[in-house]
Amino acid sequence: MSNYIPTIGVEVHVELKTNTKIFSNSTNGYGEMANSLTNVIDLGYPGTLPTLNKEVLNLAIKAATVLNCKIRREMHFDRKNYFYPDNSKNYQITQSRTPIGYDGYVEIEVNGVKKRIEIEEMHIEEDTCKSTHRGTKTLLDFNRAGVPLIEIVTKPCMASGEEAKAYLEKLRELLFYSDISDCKIEEGSMRADANVSIRKNESDPFGTKAEIKNIGSITNVGISIEKEIERQSKLYDNGETFKPQTRRYDDKIGDTVLMRVKETGNDYRYFPEPDIPFVYVTDEMIERVVATIPMLPDERRKLYIEKGVPEVNANKIVQNRSLSDYFNELLEENTNFKIASNLLLGDIAAYLNKEEKLITETTLTKDRFLELIKNMEDNTLTSKNLKDILNKILEDTSSISDIIKSSGIENITDDSAIRDVVRKVIEANPGSVEDYKTGHDRAIKFLMGQVMKESKGSANPKMAMDILVEELQ
Amino acid sequence: MKYLNKSVLELHELLKEKKIKPIDLVEEAFENIEANKELNAYITLNKEEALKQAKELEDKEVDNVLFGMPIAIKDNIVTKDLLTTCASHMLDNFTPIYNATVIDKIKEKNMIIIGKTNMDEFAMGSTSRTSYFGAPLNPWNKEKISGGSSGGSAVTIAARDLPFALGSDTGGSIRQPSSYCGIVGMKPTYGRVSRYGLIAFASSMDQIGPMTKNVYENALLLNAIVGKDDKDLTSAEKEPEDFARLIGQDIKGMKIAVPNYFMSDIVTKEVKEKIEETIELLKNAGATVDYVDMKYLDQAVTLYQVIALGEASSNLARFDGIRYGFSAENPKNIKDVYFKTRQEGFGTEVKRRIMVGAYILSGDNAKVYYNKAMSVRAAMRDEFKRIYKDYDLIIGPTATTTAYNQTDSIDDPLKSFMDDVLVNPANMAGLPGLNVPVGFDSSNLPIGMHIIGNDFDEAKMYQLASYIEKTLDLNLTPGGEK
Amino acid sequence: MDDKLSREEVLHVAELARIAISESELEKYQIQLKQIIDSVDKIKEVEVDDDKMLIANWSKETTLREDECGEMLSPKDVINNAPRHSGNYIEVPVVIGEES
C-alpha cells in the first residue's frame, strides 16, 4: 500500500499523581467504592466554587519542563461548555486561551532514526466522572470527577503508527520517571487519541481527518493508526471520500470502527472562568520544581552504556524505575558495571519478581552489592553457587564473604587442591585427553565440566582451567 | 409586646441586661411575618429551628451586637438542612447538605435565621415577578412591584418584620428593590463577601450584601459577613475594619461626582428633582458636588446582557435533573432528562436568558460579543478609576423611576434590563454601590439615592449615606409611625 | 433587519441550552430573543482598546490550596439527592456513542 503520506497528531490525557482533586480537597484515588471519593464541589452542587490544588500546578510545571515546553507565566482557566452526564457542572474547567506549556518537543528513535515530535501545547483540566453502561441505564460514579489531568497535544507531525507508538512510550517513560503520573493505561490514568489523515503529496493540503479515541494500549495505538491509514488509502484508491469522523479501535476485530461522523465543529462556547483569578508562575516555583526532577531515562541509558553496561541491559534497567534508581547509586563507585547489570537483571530480578519485592526492600545494600560484584568478578563465587545463596544474600545482613564461608561453598582457590582434582579427572578420562591432544577443542570443555563436577562446583573456574591446560601438556 | 421597632443597639442592650430573650425577638418576627403574609416576602420559614436556636441562646453570653438578632436570607443563598429554592421549580425540593460561608458567619454571631425570602427565579429579573412562588408585594403600595431580584428581602425589611436581611446583587438586585421599598441596601466591592454558597447567576458580578432599615445597622451586618474565604478564590484579602467607623463624621470637603448620564432623560422628573434636592443638601454641608461626563455608562445594560447572560448560561447548565433538584418524569432517553427537565424546571425569563447567553457564546459570537464586552468592561472600569482620582464618591439616582404596577410591562423582555441601567455599572466595574432613601414621589413611593464608592471604600459610603439619612430624617415605615 | 430570529436559529440555541420548546413558545422566542440580541448588538459599535479585557474585578491572584485531603460525602449522601439512583450509583437512561 501507501503511496500516500500519512499525517498523525496525538492528544494524550494524563491523570496527575496528587493526593486531592484539582478543584476540591476530596481524595484522588482509584478503585474505591463508587461515589465514596466526592464532595459537593465535585458533584457541581449549586453555590459551590473551585479552589486550585498547588500540587497540580507543580506537576504541570514539571511536565512542561520534561517535555521541553515553554512555561506561561500568567494564565487563567476557561470553561468548555457541553452537556454530558459525566460532566457534573455541564462545563469543564480547562485552559484554552492560556495553556501552561507550549512549543515543546520529545525526541524519539524509530529504527535507528531520531526524530523530534513537536508538542503544540499542554494544559491543565479536570477529569469527568466514570460511566458504566448497564442495559438501558448508565451508572455514574463521580470518584473520578475532578481528578487533575494534563492534556498534551502534538503538532500533526508523525508519519506512522510506529512513530506514534514510540512517542507514547517516550512520553510515558518521562512522565512516570518524573513522578507526574502512574501512566497506567489500563486504569485510565493515561489515555491517547490519535488524529489521522493522509495525502498524496507533501504540497497537498491535509486530507480529511479521522480521530481514533480512547485506545487501550500503546501497541494498539500503533496498530490502529496503521489500520486507519490502510482504510483511508483504500477509499482514496477507489476514488471515494469520507467525512471527518470519530472512530474507535476494536481489539477483537483488530481494526477501527466508526463511532460517529462529525457534523459541524463542536460548539463548546469557551469563555474565561470567572471563579479562578489569574495564576502566576514565578521563577522560584519553576526552580523549586525543576530541583525535584530526577535523572531522566535518556541520560540514565547514556551513562550506563558509558560505564560499560551492554545497551540491551541499559534499556532493561531503565524500564524498571526502582532498579534504575538503585543502579544510579552505584555509578560513582569503581566497580564492574557489566557484572552489576547482569546480576540485577538475572537472578536478582527473578527473585524480586517471585517475591514481589522492590530491590530496596531486600537487604542488598550498596556496600553488600559491591562486595557481591567483587566476588563474582574474581571468581570467588560462581553463577551456580550464587543461586544457592541468593536468598541469604537478599534476606540476611551478614557480609557476602561470611555467607559464602558459612554455606561451605567457598571457592577452592588452593592450587594443590585443584591440581589433585584435575589429575584425578585426567586419569579417569583417557579418551577425552586423547581427543584434546589430537586437536578436538571440545574435549577440554568436557574435562573442565568434570573438574567442576568433581569439585562440586567450588573450584575457582579460572584457576581450574589454567591448571587443566597445564596438566594436559 | 413589641420590640422590633427599636434600634438594634437598643435591642442589644435589652438582651444584655436580660430584659428580653432572643425568643421574644424571634416570636415577634414570626408574628410580623404572619400579619404581613399577603406581602409574600418568604418562600420558606424556619420556624421550628429558629425557636429552638433562640431557646439554646438563652444560656449563652450576649457577646456581640448581632447576638440573637433575627435575619432573613435570600433564597439563593445555600442553607444546610433548610430548603433553598432560588424561587424555581428546578430546586423547589432542594435541601442542601452544606452552608454558604455567609451563613456560617452569621451563625458564628448567633444570629437566628427566620426564613428564606422570595426573589426573581435564579435572581433573574428586576421585579421579583419571575418567582415560581408568585411576586412579593411592595409594602408602600401592594399594587406595586417590590423591585428585584432581592424583592422578598427588601419587602420584609420595609414592612419592619425584622431588622436584618441578606440579598444578592448581580446587576442591581440589592440596590434597586431597596430603592423601591425605601430601605438601605449595600452591594459591597466584588470580593468583599465570599460567594461560596451563593447560587451563581453571573460569577464575575454576584455579591451578597446587607439590607436593613438604616445605615448604621447595614454597616453592622456588613462587618459580620466580610472576609477572605479559602473556599472562594475571588474573595479579597483585607485587614478587618469597622464599616461604621466614619458614621456621624461630617462630610465637609468630601468630593462627589455626579455623572451627567445618571441625571439624563432616562430618569423621571420626580426622581431627578429629589436627587437634585439632596445634592443641594450635600453642598450646603460643605461637600463639593460636580457634574461629570463619563464614557461607557450608556453601555452598561448591553455589557450586562452579554457578560451576565453568557456566564449565566454556563452557571445554570448544572441544573439537569441528574444529581439533585427537579427531574422530568419518565424520561425515555437522556435527551428527555435534559430537555424536559430544563423546559419544565425553569420559568420563561430564565429560559430566555439562558438561550441568549448560549447564543452570545456560540461559535464566532464569542469573539464578536463576549471578547468585545470584556474590553468595554475594562474601559468602563478605567473610566471609574479616572473619576476616583479626583473624587471620593459618585452619586446619582438608584432607579430611573419609583416602583411601578405589578401588571406593567410583564411580557417585555427588555424592561427588566432597562430597570437596572443605573445600577449595572457598579457590578461591571466591581465597585461597591449603596441605596439610601432620599424621599418620596407624589404617590408616596420611596426614591433612593445611589452611592458608588471606590474599591473597598464602603466605610466612606456609609459616612455619606448616614449624613443624608440623619439630615432628611424621613419616616420610612410604610403607613405607620417610625 | 428582520424583527425575528428564524425558527432554525431559535432551535439551535435551544439545542445548545438543552431546553425543549413548544411550537407556541418557539414563535414567542423568535421575537423576544431577537429583541435582546438587537440590544446586545450595540456593543459592536463601541470604540475601545481591544487588547485590554476585564474578566472580573479580581483583587488578587489565585491562592493555591495545599494538597491535603478533606472531608468527603458518603455514597448515601450522594445518591439521596439524586432523582434516580441504583446501588451507590447515580443513574441516567443509557448514554452511548455521543460525544464525551
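Reference entry: report on the structure contained in this document. (Residues numbered from 1 in each chain as written. Chains lettered and ligands numbered in written order. Predicted model: local features only at pLDDT ≥ 70, side-chain atom pairs only at ≥ 80, totals over all residues. Heavy atoms only, no water.)

**Section: the overall build of chain A**
Thinking step 1. Of the regular secondary structure elements, chain A holds 15 helices and 17 strands.
Thinking step 2. The dimensions of chain A, computed from C-alpha atoms along their principal axes, are 90 × 55 × 50 Å.
Thinking step 3. Buried positions account for 55% of the 473 residues belonging to chain A.
Thinking step 4. Put simply, of all contacts in chain A between residues at least 6 apart along the chain, 68% involve residues at least 24 apart.
Thinking step 5. Per element, the accessible surface of chain A, about 21100 Å² overall, is 47% carbon and sulfur. (Helix = DSSP H or I, 4+ residues; strand = E, 2+ residues; numbered from the N terminus. Buried < 20%, exposed > 50% of the residue type's maximum accessible area, 1.4 Å probe, protein only. Contact = heavy atoms within 4.5 Å. Areas by Shrake-Rupley, 256 points an atom, 1.4 Å probe, with all protein chains shown as cover.)

**Concerning a negative patch on the surface**
Thinking step 1. Together, Asp2, Asp3, Glu8 and Glu9 of chain C make up a negatively charged patch on the protein surface.
Thinking step 2. Within the secondary structure layout, glutamate 8 of chain C lies in helix H1 (residues 7-17). (Patch = residues over 30% accessible without salt bridge, like charges linked within 9 Å, V, L, I, M, F, W, Y side chains within 5 Å. Salt bridge = Lys/Arg side-chain N within 4 Å of Asp/Glu carboxyl O. Lys, Arg positive; Asp, Glu negative; His and termini not counted. Charge placed at Lys NZ, Arg CZ, Asp CG, Glu CD.)

**Points about the interface of chain B and chain C**
Thinking step 1. Counting from both sides, the interface comprises 63 residues of chain B and, opposite them, 52 residues of chain C.
Thinking step 2. Across the interface of chain B and chain C, roughly 5200 Å² is buried in total on both sides, 66% from carbon and sulfur atoms.
Thinking step 3. A per-residue breakdown of the area chain B buries against chain C is headed by Phe339, Met355 and Lys372 of chain B, which together make up 13% of the total.
Thinking step 4. If you look at where chain B meets chain C, you find two salt bridges.
Thinking step 5. As a salt-bridge pair, lysine 52 of chain C and aspartate 382 of chain B come within 2.5 Å of each other at their nearest N and O atoms. (Buried area = accessible area lost by both parts, 1.4 Å probe.)

**Considerations on the environment of alanine 192 of chain A**
Residue and element names in this part refer to chain A.
Thinking step 1. Tracing the chain through its elements places alanine 192 in strand S12 (residues 190-199).
Thinking step 2. Alanine 192 sits 248 residues away from histidine 440 along the chain, and the two C-alpha atoms are 60 Å apart.
Thinking step 3. Sequence-distant contacts of alanine 192, that is, excluding residues within four places in its chain, are made with Glu11, Val12, Leu168, Ile212, Lys213, Asn214, Ile215 and Val221.

**Regarding the interface of chain A and chain B**
Thinking step 1. Taken together, the contacts link 33 residues of chain A with 39 residues of chain B.
Thinking step 2. A combined buried area of about 2800 Å² lies between chain A and chain B, and 61% of that area is made up of carbon and sulfur atoms.
Thinking step 3. The interface formed by chain A and chain B includes one salt bridge.
Thinking step 4. A salt bridge links aspartate 275 of chain A to arginine 195 of chain B, with the shortest nitrogen-to-oxygen separation between them at 2.9 Å.
Thinking step 5. Where chain A meets chain B, there are 18 residue pairs in polar contact (both at pLDDT 80 or more).
Thinking step 6. Among the secondary structure elements, those contributing two or more residues to the side of chain A that touches chain B are strand S5 (78-81) and strand S16 (271-272) of chain A.
Thinking step 7. Split into classes, the residues belonging to the side of chain A that touches chain B amount to 20 nonpolar, seven polar and six charged. (Polar contact = N/O pair within 3.5 Å; in protein donor to acceptor, adjacent residues only side chain to side chain. Nonpolar A, V, L, I, M, F, W, Y, C, P; charged D, E, K, R; others polar.)

**As for the sheet that holds S16 of chain A**
Thinking step 1. Here we have three strands laid out as an open sheet, ordered S6-S5-S16 (chain A), and antiparallel in their pairing. On the outer flanks of this sheet lie strand S6 (91-94) and S16 of chain A, each paired with one strand and no other.
Thinking step 2. As paired strands, S5 of chain A and S16 of chain A are joined by two bridges and run antiparallel to one another. Bridging across to S16 of chain A, aspartate 78 of chain A finds its partner in proline 272 of chain A.
Thinking step 3. Helix H9 (residues 300-315) of chain B rests against S5, S6 and S16 of chain A of the sheet, and its axis sits at about 60 degrees to S5 of chain A. (Pairing = 2+ DSSP bridges. Axes fitted to C-alpha atoms, helices over the stretch in contact; angles between N-to-C directions.)

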